[in-house]
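# Summary of the model geometry
So the chains spell out like this:
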Amino acid sequence: MSSRLTRIATVFVLLTFFATAAWAAGSSPKPAKDKRPGVAEYNAGVKLMQKERFAEAQSKFEAALAKNPKMAEAHNNLGYSLRKQGEANFAKALEHYNRAIDLKSDLAEAYMYRGVLHMLMGNEAKALEDHKALTGMDRGLADALQAAIASGEEPDGLEGLATAW
Amino acid sequence: MVGPRTLAAAALVLLAVAWHAGHQRLVRANGDRAEGFVWQLPQGFPAPRVPPDNPMTPVKVELGRRLFHDPRLSGDGTLACVSCHDPARAFTDGRARALGIQDNLHPRSAMSLTNVAYNATLGWDDPGLTRLEDQALVPLLNTRPPEMGVAGREDEVLARFAGDRRYRALFTEAFPKDDHPVTLRNVTYALAAFERTLISGNSPYDRWAYGGEVAALDPEARAGARLFFSRRLNCFRCHAGFNFSGPVVYEGSAGPRPLFHNTGLYDEDGRGAYPAPNTGVHRHSGRAADMGKFRAPTLRNIALTAPYMHDGSIPTLAAVLDHYAAGGRARSAGPHAPAATDDDLTDPLMAGFKLTPDERRHLVAFLHALTDDSFVRQAQETGQP
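A brief report on the enclosed structure follows. Predicted model only: the values in this text are computed from it and were never measured. (Residues numbered from 1 in each chain as written. Chains lettered and ligands numbered in written order. Predicted model: local features only at pLDDT ≥ 70, side-chain atom pairs only at ≥ 80, totals over all residues. Heavy atoms only, no water.)

A tally of regular secondary structure across chain B gives 16 helices and zero strands. Residues counted as buried form 52% of the 385 residues belonging to chain B. The long-range fraction of contacts in chain B, counting pairs at least 24 apart against all pairs at least 6 apart in sequence, stands at 66%. With the model as given, the accessible surface of chain B reaches about 18100 Å², and the carbon-plus-sulfur share is 55%. (Helix = DSSP H or I, 4+ residues; strand = E, 2+ residues; numbered from the N terminus. Buried < 20%, exposed > 50% of the residue type's maximum accessible area, 1.4 Å probe, protein only. Contact = heavy atoms within 4.5 Å. Areas by Shrake-Rupley, 256 points an atom, 1.4 Å probe, with all protein chains shown as cover.)

Residues and elements named next belong to chain B. Within the structure shown, the criterion is met by 27 aromatic pairs over all chains. On the numbers, 5.5 Å between centres and 45° between planes, the contact of Tyr205 with Trp208 is tilted. Here the residue Tyr205 and the residue Trp208 both occupy positions in helix α9 (residues 204–209), the gap between them amounting to three residues, near one helical turn. Relative to Tyr250, the ring of Phe242 has its centre 6.3 Å away and its plane inclined at 75°; by these criteria the two rings are edge-to-face. Looking at Phe242, the relative accessible area reads 1%, which means it is buried. (Phe/Tyr/Trp six-rings, centres within 6.5 Å; stacked < 30°, edge-to-face > 60°.)

What follows concerns the pattern of salt bridges. Counting across every chain of the model gives 26 salt bridges over all chains. The partner of Asp70 of chain B in a salt bridge is Arg72 of chain B, and the shortest N-O contact between them spans 3.0 Å. Note that Arg361 of chain B and Asp358 of chain B form a salt bridge whose closest N and O atoms lie 2.8 Å from each other. Of this pair, Arg361 of chain B and Asp358 of chain B both sit in helix α15 (residues 357–368), three residues apart, roughly one helical turn. Take Asp358 of chain B: its relative accessible area is 41%, and that puts it in the partly exposed class. One continuous salt-bridge network, built from bridges that share partners, spans Arg83, Lys84 and Glu154 of chain A. (Salt bridge = Lys/Arg side-chain N within 4 Å of Asp/Glu carboxyl O.)

What follows is about unusual backbone geometry. All names here are of chain B. Omega for the bond connecting Ala276 with Pro277 falls within 30 degrees of zero, at 5°, which places this linkage in the cis form. Secondary-structure assignment places Pro277 in the loop between α11 (235–238) and α12 (282–285). Here the bond from Ala306 into Pro307 is cis, since omega is -5°, no more than 30 degrees from zero. Within the fold, Pro307 resides in the loop between α12 and α13 (317–325). For Phe91, which is not glycine, the phi dihedral falls at a positive 65°. Among the structural elements, Phe91 can be located in the loop between α3 (81–84) and α4 (132–135). The buried category is assigned to Phe91, whose relative accessible area is 2%. Positive phi outside glycine occurs at Asn301, with the angle close to 65°.

Across the contact, 21 residues belong to chain B and 17 residues belong to chain A. Buried surface at the junction of chain B and chain A, summed over both partners, amounts to about 1600 Å²; 48% is from carbon and sulfur atoms. If you list the elements that add at least two residues to the side of chain B that touches chain A, you get α9, α10 (219–228) and α11 of chain B. Here the side of chain B that touches chain A is built from residues that sort into 13 nonpolar, four polar and four charged. (Buried area = accessible area lost by both parts, 1.4 Å probe. Nonpolar A, V, L, I, M, F, W, Y, C, P; charged D, E, K, R; others polar.)

Quick look at the structure:
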């Protein structure tokens, strides 16, 4: 009797062990939340931008920059969110693209967005300067900007969105 | 027990080995070094990708250039590569279909070699042909029909170069590790190295796009560029990027997916068949879905390369525009026209569009603005053996 109990207990322990291991393997741990200043707001802004909710995205990027004014990517995306809300915001959008490039001179996305804005503002020469700079950074974005400048049409989608930070 | 002297000696040996490993001279797979070759690239252009087994060297390029222009490279000594790839026509021949030795008519037209280094695939329709070194064998050895007619006469052709003092020296210098460097393999490697230098990027469009010359495009060409890159026409979707072509490769680029398009040029049977043997990728794969699929060639110097399409069946750029405006010639004028516009074979981008006479003229002006006169001039000047 006692040996039977021992066997049952052993099987139970083994089953519990393997079930726990399988559960652990199948449920990847949640990534640790990035606690750097402004990152949560920035990520929320990117999601809103992808949903084309530009006014709300603007607020998030502004909140991110209030906590971390040197976040070049936030300046870039804020510029885009502003620009998409109308021509009245073009000058302010340009300021943010310029700031993004001041902070991070190799941020290809900012050249892409600024080039499109220059095109929309009728500054073809400046748009082409951004295209030229972009050819050495990101060939795909450079080609998209080339098409935008030549056609005078905005690119499809959010090409130029800075997602990683 | 290991004594301190033994340990010290072992440490010294290890240090010596590590120092040697860290200071090895990098030597390419075939023993050649790529030293001395400097790309001369137009603004905004990436460096071409070079196979590790065929590094660029000035002497190899020079050897390739000479071979390219030398009719002794054909079986009967009558044709050179340049016979079908004439620099004055942006390395095409002005014919609808190329002419091989003894007037053998090729089914397709000679392709431009402008910026051939960037092509992800070579030839009109072969997804598997990706290296210039391999492509060079096609015209040399093809027998259906014979192009340069070298097949079966390889030894005879190579003996012509082995017996030439200047060529012998060039082969030896270009392939220094080979005991017998005058081989068909080295002929194709030298040709490929030369062809990689045929880079064109100084057209009015380039001076506008990359050179800071906003006025380099005249108003008609600028209006044409607006149309070319518009969503309404979508020309730039297939003739894409800096090379105005299908997929490109270059140093550091990802391996692109080969891309071929059926533009509705033919419909022989009401189901989209193209006339044999020019059935496109289908010719290689046998797949019905690949019927009529061809590569989008570069539009650079396109004004110099008439007639157009894989079989030269469209004589002018304006007529090419009419073909695209119709959503494919076969849909508007083929034996089974008007064809359905939702067939499975014709590329969905071939939706057709309307052009006013002014717009048509502007587009042609834009295509002319892709002509690089300096490229053609330089190719002609350096063309003589």
